[in-house]
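Now for the letters of each chain:
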Amino acid sequence: MKKKILSVILTLALCAGLFAGCGAKQEQKPAEPAPAQTQPEQKPAEQPSQPEQKPAEQPAEQKPAESEQRPAEQPQNQQANEPKFRLTKEEYPRVDGSTVTIPLSEAFYSKLTGASADEASLFIKHNKTHAAYVNLINNDTDIIFVTSPSEEEQALAKDAGVELEVVPIVSEAFVFLVSADNEVQGLTHDQIVGIYSGRITNWKEVGGKDVPIRAFQRPVNSGSQTGMLDLVMDGTPMAEAPTELITAYMGELIDAVAAYNNEPDAIGYSYYYYVNDMWGYNKTRLLAIDGVFPNNDTVADGSYRYHTAYYAVIRKSEPEGSTVRKMLDWILSEEGQTLVEDTGYVRAGK
Amino acid sequence: MKKTIRLISLALVLALLAACGDSPAVPQNTPQQPQQTEQPPAQQGTEPAQAQQGTEPAQTQQGAEPVKTEPEPPAPAYEPQPVFRDGILNGTVIDEHSENDEAYAAQYDTYKNCFWVTISGLKEESVENAINGDIMGMYNKANRWEIPPFRGTAQVDPKDYEGGSKYFNINDCFNINDYLSLQGSYTIYQRDGDYPYLSYCDFFTATYDLRTGKKLALRDLFAEGYPYEDIINKRVMEYLDSENAQEEFIQGDDEPYYEDSYKETFVKLVAPFKGIREDQRYYLTNYGLCVVLDYNDKAIDISGFYITPVTVQISYGDFYDGLLLGRGSDPSIYTDASKQCRYLMYSLGGEEVREVKKLYEGPYNIDFEEQLTYPEQLPEELLKQVRVKLAANRQQLQPYIRACEEAEDPEDKYFYGSNSCYVEGVGNYYIANFYTDTPPLTDGAEYTNTYSNMIWDLDLEPVAAGDMFQSGFDWQSYLAEKFRTSFEEQLSYGYSCDHEPDFRALAADPRISISNDSIGFRSSGRVKMYNYQYGYDTDFEPYCYIYFHDDDAMLLNIL
């Protein structure tokens, strides 16, 4: 009997082993992909100093403005993407702005009037930042989407007796990029200023390899160069930029600021809006500044040091309840800000 | 019993081992076959689809030594094609047509001109008719003279363009290896206003496979799996960077021209460029693939007083062995293939590298500059030889620079000179063209310039004039006779010469030039001639060109 029991047990064990052998193989865990960029722990940063601006008084509650066009009762099956504020083409304010806000302006037009993206593209025309300010001051346009006014533009407005209302509607950031091969993950503000003033000249001084730093700049009077001077250098003179001889339109050779070349020794700068999603930038890496990595959240909440904004600017004399003010309120509403994000920008900071 | 137990135990152990171990037939962590594009020499811009990975050693039995296997060579992601260096001119006949609207011109005191082509010579009439129908479609659409849908054009009053100049052209025609590629444009000008008149332009593009009549999308030009988008996107980004397209410049006024105006351009990025579209417009030329950026590219904005699509030209060499264009021609699709002849392409690609330097850095206005331009794919050995020659030419300029410094009142004068070299690939040849230019040192004297070149074949062997002709052919006598012909032509144009040149000596070591459809020979020596109509001396270099469609082309051995 015992023998029989032992045989049965062994047989059962043998069968169990066979079944286990025929079952699923050991699960292979896929290797975790290496993160494209390592993000340092995001500490809340101190509020950096910003250029003096006088933002408009914000409405106490950012409710979407009520449109006179909206029926008194909302249909229950109102589609989620139906804007609560709507304008006809004829009502739509005259708009102008900078080059980089064109897609935003088109998105606003498309959403508010129900026009297609192609129709919006035909309608919207921006004449660049300075011309937009001039048009606003001269009452040739109603609302502009631009960077903050320069001293010259402020003076122009003052001379014309026009007071400008400058309202941030999009967050933006000034970012620094290096080659993905560069070991350095982040720099402090002091190190950035040191590099671009020429005080720091080797990557080993900031935790990298023993390689001279090639700190690329942008052309004089360009938007990026202005941003660098205003947001970063804070009055510290910049060292001479790497240059290259190029043939200008008239055929002569001129010294031009060399463009960033993404070599391992290079550092450059640009705006987050472009760098975030541009083809080819996957071979670059953004640097954290003072331990804060630039992403949509840190740009929007201002914890990334070099944050700035794009603004809607109107004449302060614009009457309360006007279409322009209603449009501005809508832009600042959750609906408007969601559209800002959907269009590829970063929503305005709180 | 004991035996039974032992057998069962052994079977149990074996079963347990089978459950815990891996199958010896399948190594652990075996990656998929990596896909890697074949890298041409010195080509940059193409990334392998995946980095090559080695295989982990297979495990047979637990505790046994791993068997190391050599990594298998990567399978190409695409089937390599013949590099597109030359082709056969199609047997189609391109007829040109033009039309000037005299009534419009008289009414508005302006111009309205149209120029287009039609094709004939295909056996398959349906294909021929379809292509000509498309061309007439372009013509008809252009003749509506509508403002093309660029940004902001809803705010443009079409009436401003009534009565303005209008032009329609078929501008480019690539007619090689049974492909036909056309690019046309129409332009409308504002009727009134200050110079420069505002104008709008739009393109038409179409590329056909003459064997099938199919209109080709961009992807149809490349072997399946070839990463052409990456190559094109890289070149587009380089173009946008060169245009400072991300930047808006601070301007003091509304005019686009101001100091340092080279920086402000009319092509702007309004959003991140994310890559070309599948339906991106393009056309082919003898120099390369031209990608069109226009109002369909929402990341781009084109502004200024001439609103037009822009093109980014990419050398065929950039695509190396990924292009399908190098297939040759099928003469059976033509009614008359007798006029078909060889056609050479500009074949070296990669980024064009330009090295410039100033040869004088002193206090005077002595502007001597040196430029070396070569394609990135140029073999390093040839680049070395080019630099040696360029340095030798530079040395010859030094006495001129010193003479400028020592001239009377140099601070009041301006001297210009140059030392340059431009390297290109045409067909199966590399050609370096050298040029020096030295200023006159005395009043009334002329600039003097020298030309020379160096040519190599694909094996990097230097090529001389004799190598261009069939073996045993008396090419020197042939060239001497051709040089005499060109000299006599010059005499007929009002020049005189006080002696009979030694044409055979002039033909001994001619300078060679190679282009798409011809080989040129120019004497390295010069003949002093005098223009008696206008009264000036000149140096004449006798020359001759052998076109590939000429009967004399059979004397060449390079075709």
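Residues numbered from 1 in each chain as written. Chains lettered and ligands numbered in written order. Predicted model: local features only at pLDDT ≥ 70, side-chain atom pairs only at ≥ 80, totals over all residues. Heavy atoms only, no water.

1. Here's the deal with the sheet that holds strand β23 (residues 518-522) of chain B
Each strand in a sheet pairs with its neighbour through backbone hydrogen bonds, running either in the same direction (parallel) or in the opposite one (antiparallel). Residue and element names in this part refer to chain B. On the basis of which strands lie adjacent, the open sheet formed by three strands has the order β22-β23-β26 and antiparallel pairing. Of all strands in the sheet, those bounded by a partner on one side alone are β22 (511-514) and β26 (543-547). In this sheet, adjacent strand axes meet at a mean angle of 15 degrees when their direction is disregarded. Relative to β26, helix α6 (residues 475-492) is tilted by about 115 degrees, and along the sheet it contacts β23 and β26. (Pairing = 2+ DSSP bridges. Helix = DSSP H or I, 4+ residues; strand = E, 2+ residues; numbered from the N terminus. Axes fitted to C-alpha atoms, helices over the stretch in contact; angles between N-to-C directions. Contact = heavy atoms within 4.5 Å.)

2. Some thoughts on the nonpolar core
One finds A:Phe108, A:Phe176, A:Tyr196, A:Ile267, B:Phe168 and B:Leu289 to be the most contacted residues of the largest nonpolar core, which totals 146 residues. For this core, the leading source of residues is strand β3 (residues 164-179) of chain A, giving nine residues. A domain split of this core shows at least three residues from each of domain 1 (95-170 + 308-347) and domain 2 (172-307) of chain A. (Core = buried A, V, L, I, M, F, W, Y, C linked by side-chain atoms within 4.5 Å. Buried < 20%, exposed > 50% of the residue type's maximum accessible area, 1.4 Å probe, protein only. Domains from an automatic or database assignment.)

3. Let's talk about the sheet that holds strand β14 (residues 310-315) of chain B
Residues and elements named next belong to chain B. The strand order across the open sheet built from three strands is β10-β11-β14, with neighbouring strands paired in antiparallel fashion. What marks the edges here is a single partner per strand, and that holds for β10 (282-284) and β14. Averaged over neighbouring strand pairs, the angle between their axes works out to 25 degrees when direction is ignored. The sheet contact formed by strand β11 (residues 288-293) and β14 spans six bridges and is antiparallel. Its bridge partner lying in β14, valine 292 is registered against threonine 311. Its contacts with the sheet place helix α4 (residues 228-242) against β11 and β14, and it is angled at close to 125 degrees to β14.

4. Let's talk about the packing of aromatic side chains
Counted by the stated rule, this structure contains 45 aromatic pairs over all chains. Summarising the aromatic geometry, the rings of A:Phe108 and A:Phe145 are spaced 5.4 Å apart at their centres and angled 65 degrees between planes, so their arrangement reads as edge-to-face. In this pair, A:Phe108 sits in helix α2 (residues 102-113) while A:Phe145 sits in strand β2 (residues 143-146), placing the two residues 37 residues apart along the sequence. Across the pair, exposure class does not vary: A:Phe108 and A:Phe145 are buried alike. Here B:Phe469 and B:Phe473 contribute two aromatic rings whose centre-to-centre distance is 5.7 Å and whose plane-to-plane angle is 35 degrees, an arrangement assigned as tilted. In this structure an aromatic cluster arises from ring pairing among A:Phe174, A:Phe176, A:Tyr196, A:Tyr269, A:Tyr271, A:Tyr304 and A:Tyr306. (Phe/Tyr/Trp six-rings, centres within 6.5 Å; stacked < 30°, edge-to-face > 60°.)

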